[in-house]
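Spelled out, the chains give:
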Amino acid sequence: MMARRHILALSALTLLAGASSRAAAQGGMAGMDHSMHKMGPDIVIPKGALYTKADVEFMQMMIAHHAQAIVMSRLAEKNGANPQVLKLSRKIDQSQMPEITIMQGWLRRYNQVAPDTSSWHTVRMEGMLSDDEMKALENAKGEEFNRLYLVGMIKHHAGAIKMVEDLFKSPGAGQEVDANVFANDVVTAQTAEIGIMRNLLAKLPPK
């Protein structure tokens, strides 16, 4: 039995290693399950381009990531968020919508597919809420909403930071100036917001 388990474990590792090698060979974003996140025709990178396939995938997937964060944030007012959570949710909404426009502009500049804000329905990236988690947030009111929003958005932001880390792990990625600045801005802004959200979460009444 033990030998069989070792064989199965070795087989799984071999499959994972193979998938990772194929992604690297294609220049895709590290850490991404490419079978689940295809957002259009195959990505073609012109010879001599300053960006990589991983940069394109990062921009496409971050649009979906941001779009879900905006949907979450726009629930705050009608679901009775407290003033501090409401203020933060508005800041996230007002900062991430223009960032989606920036990412779409970047993709179009390089003749790549630029997803719209509905893409979050069909894509799940690091940190994004599941359908069940979104439904729970939609139904929550008052303190329950505050808690679910803060916990969910901390996870969401941590996922975005992980996406940036994966981008910079991909060979040659994150070197195009605008992609580099944007990715670093995501880390700076969302790291600061995670700190704010943890403080707000600590001030909520115990369950």
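Preceding this section is the structure that the text describes.
Residues numbered from 1 in each chain as written. Predicted model: local features only at pLDDT ≥ 70, side-chain atom pairs only at ≥ 80, totals over all residues. Heavy atoms only, no water.

## What to know about empty space enclosed by the protein
On inspection of all chains with the given rule, the structure shows one cavity of 30 Å³ or more. For the largest cavity, the full set of lining residues is Ser-95, Gln-96, Glu-99, Asp-185, Val-186, Ala-189, Gln-190 and Glu-193. Elements that contribute at least two residues to the lining of the largest cavity include exactly helix 3 (83–109) and helix 6 (177–203). Broken down by element, the lining of the largest cavity gets its largest block of residues, five residues, from helix 6. (1 Å grid on protein atoms, 1.4 Å probe; cavity = no way out; pocket = protein on both sides within 12 Å on 5 of 7 lines; lining within 4 Å. Points joined across faces, edges and corners; volume = space filled by probe spheres on them. Helix = DSSP H or I, 4+ residues; strand = E, 2+ residues; numbered from the N terminus.)

## What to know about the pattern of salt bridges
Under the definition given, this model contains eight salt bridges. One salt bridge in this structure joins Glu-176 and Arg-109, with 3.6 Å as the shortest N-O distance. Of this pair, Glu-176 sits in the loop between helix 5 (142–169) and helix 6 while Arg-109 sits in helix 3, and the two are 67 residues apart along the sequence. Arg-124 serves as the salt-bridge partner of Asp-131, at 2.5 Å between the closest nitrogen and oxygen. Through salt bridges with shared partners, a single ionic network connects Arg-109, Glu-176 and Asp-178. (Salt bridge = Lys/Arg side-chain N within 4 Å of Asp/Glu carboxyl O.)

## So, the side chain of Glu-99
Summarising the element assignment, Glu-99 is placed in helix 3. Look at Glu-99: it is buried, it has no salt bridge, and the nearest opposite charge is Lys-91 at 7.9 Å. Here Glu-99 is in contact with His-66 and Phe-182, once residues within four sequence places are set aside. (Buried < 20%, exposed > 50% of the residue type's maximum accessible area, 1.4 Å probe, protein only. Lys, Arg positive; Asp, Glu negative; His and termini not counted. Contact = heavy atoms within 4.5 Å.)

Function cannot be inferred from these measures alone, as they are strictly geometric.
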